[in-house]
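A closer look at the structure
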Amino acid sequence: FFFFLDWIDLTSWKNHLFFTMLARTNREYVECDQHEKAYQSQDAVFVARKRAVGNQRQKPMRFTRNVGLGIKTPATAIESNYVDKKCPFTGNVAIRGRILKGLVLSTKMKRTIIVRRDYLHYIVKYRRFEKRHKNIAVHCSPAFTVKEGDIVTMGECRPLSKTVRFNVVAHEPAANAQTGKKSFRVF
């Protein structure tokens, strides 16, 4: 009897999760943000679909995915109308490989940010560590509003351009803005 109660609770929890997900997504088509010369629409959504008369469960009109690896899909990716084919949540990009953290240095490019990664390199001869850093170009989808000084988590993906091989998957706002851009921090 107790197993049955647990099963009921589990199924009701799954239904609640499914219906809250449907509540956040649109069933009717809402036109995506149009900021480009070409018409913007998601590749995975067919705009002119016919309504099925007997079908109660319809697919949502916005394509979103679960990236995996314990990364939550942000609410802005589900509810917004942006189109970004390089977004890990709404586009055609798989996150695989390394997951790194770093400090945002520059947000001057369109949908690309520069992230500084600090690390220690061991010198065998002197048996000591030296401080080093690398600046990495990272694609930042419109789901995140990133400013300079913020800490971002980035996941490795396929090459998106000549220099971009990482994608922002999580974002933490800057805690203390007093520290400089080039101060050494290990996350």
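Coordinates for the structure precede this section.
Just so you know, these numbers come straight off a predicted model, no measurement behind them. (Residues numbered from 1 in each chain as written. Predicted model: local features only at pLDDT ≥ 70, side-chain atom pairs only at ≥ 80, totals over all residues. Heavy atoms only, no water.)

Next up on the list: the pairing of strand β4 (residues 151-156). Along β4, 5 of the 6 residues are buried, which leaves the element largely enclosed by surrounding structure. Where strand β1 (residues 99-106) lies against β4, 5 bridges are found, and the strand directions are antiparallel. Each bridged residue has a counterpart across the sheet, and for Leu103 the counterpart in β4 is Ile151. (Buried < 20%, exposed > 50% of the residue type's maximum accessible area, 1.4 Å probe, protein only. Helix = DSSP H or I, 4+ residues; strand = E, 2+ residues; numbered from the N terminus. Pairing = 2+ DSSP bridges.)

In this model, Arg111 sits at a positive phi of 60°, which is unusual for a non-glycine residue. On the secondary structure map, Arg111 appears in the loop between β1 and β2 (112-123). Given the relative accessible area of 31%, Arg111 is considered partly exposed.

Okay, the pattern of salt bridges next. Under the counting rule described, the total for this entry stands at 4 salt bridges. Measuring nitrogen to oxygen at the nearest pair gives 2.9 Å for the salt bridge that ties Glu172 to Lys101. Residue Glu172 is found in strand β5 (residues 166-172), and its partner Lys101 is found in strand β1; the two are separated by 71 residues along the sequence. Judged by relative accessible area, Glu172 falls into the partly exposed class, the value being 33%. For Glu130, the salt bridge identified is with Arg132, shortest N-O distance 2.7 Å. Overall, the relative accessible area of 30% leaves Glu130 in the partly exposed class. (Salt bridge = Lys/Arg side-chain N within 4 Å of Asp/Glu carboxyl O.)

Now for the state of the cysteines. Within this structure, the stated rule accounts for 0 disulfides. Lacking any disulfide linkage, Cys87 is separated from the closest cysteine sulfur, that of Cys140, by 9.3 Å. (Disulfide = S-S within 2.5 Å.)

Glancing now at a nonpolar patch on the surface. The grouping of Leu120, Tyr122, Val124, Phe129 and Val186 at the surface amounts to a nonpolar patch, some 530 Å² of accessible area in total. If you trace the backbone, Tyr122 turns up in strand β2. (Patch = residues over 30% accessible without salt bridge, like charges linked within 9 Å, V, L, I, M, F, W, Y side chains within 5 Å. Areas by Shrake-Rupley, 256 points an atom, 1.4 Å probe, with all protein chains shown as cover.)

This paragraph deals with the pairing of β2. Bridge count for β1 against β2 is 3 bridges, and the pairing is antiparallel. In the strand pairing of β2, Ser106 is matched with Ile114. Hairpin connection of β1 to β2: 5 residues between the antiparallel strands, including Arg111 at a positive phi of 60°. In terms of strand pairing, β2 meets strand β3 (residues 128-139) through 12 bridges, oriented antiparallel. Looking at β3, one finds that Thr112 is bridged to His139.

In the structure shown here, the tally under the stated rule is 2 aromatic pairs. Arranged with centres 5.1 Å apart and planes meeting at 55°, the rings of Tyr122 and Phe129 form a pair that is tilted. (Phe/Tyr/Trp six-rings, centres within 6.5 Å; stacked < 30°, edge-to-face > 60°.)

A word on the side chain of Thr153. In this structure, Thr153 sits in strand β4. Apart from residues lying up to four places away in sequence, Thr153 is in contact with Ile99, Leu100, Lys101, Asn167, Val168, Val169 and Ala170. (Contact = heavy atoms within 4.5 Å.)

For His139, the location among the structural elements is in strand β3. Between the C-alpha atoms of His139 and Arg165, which are 26 residues apart in sequence, the distance is 8.0 Å. Sequence-distant contacts of His139, that is, excluding residues within four places in its chain, are made with Asp84, Lys86, Cys87, Arg111, Thr112, Leu160, Val164, Phe166, Asn167 and Val168. Engagement of the side chain of His139 in a polar contact is seen with the side chain of Asp84, the distance being 2.8 Å. (Polar contact = N/O pair within 3.5 Å; in protein donor to acceptor, adjacent residues only side chain to side chain.)

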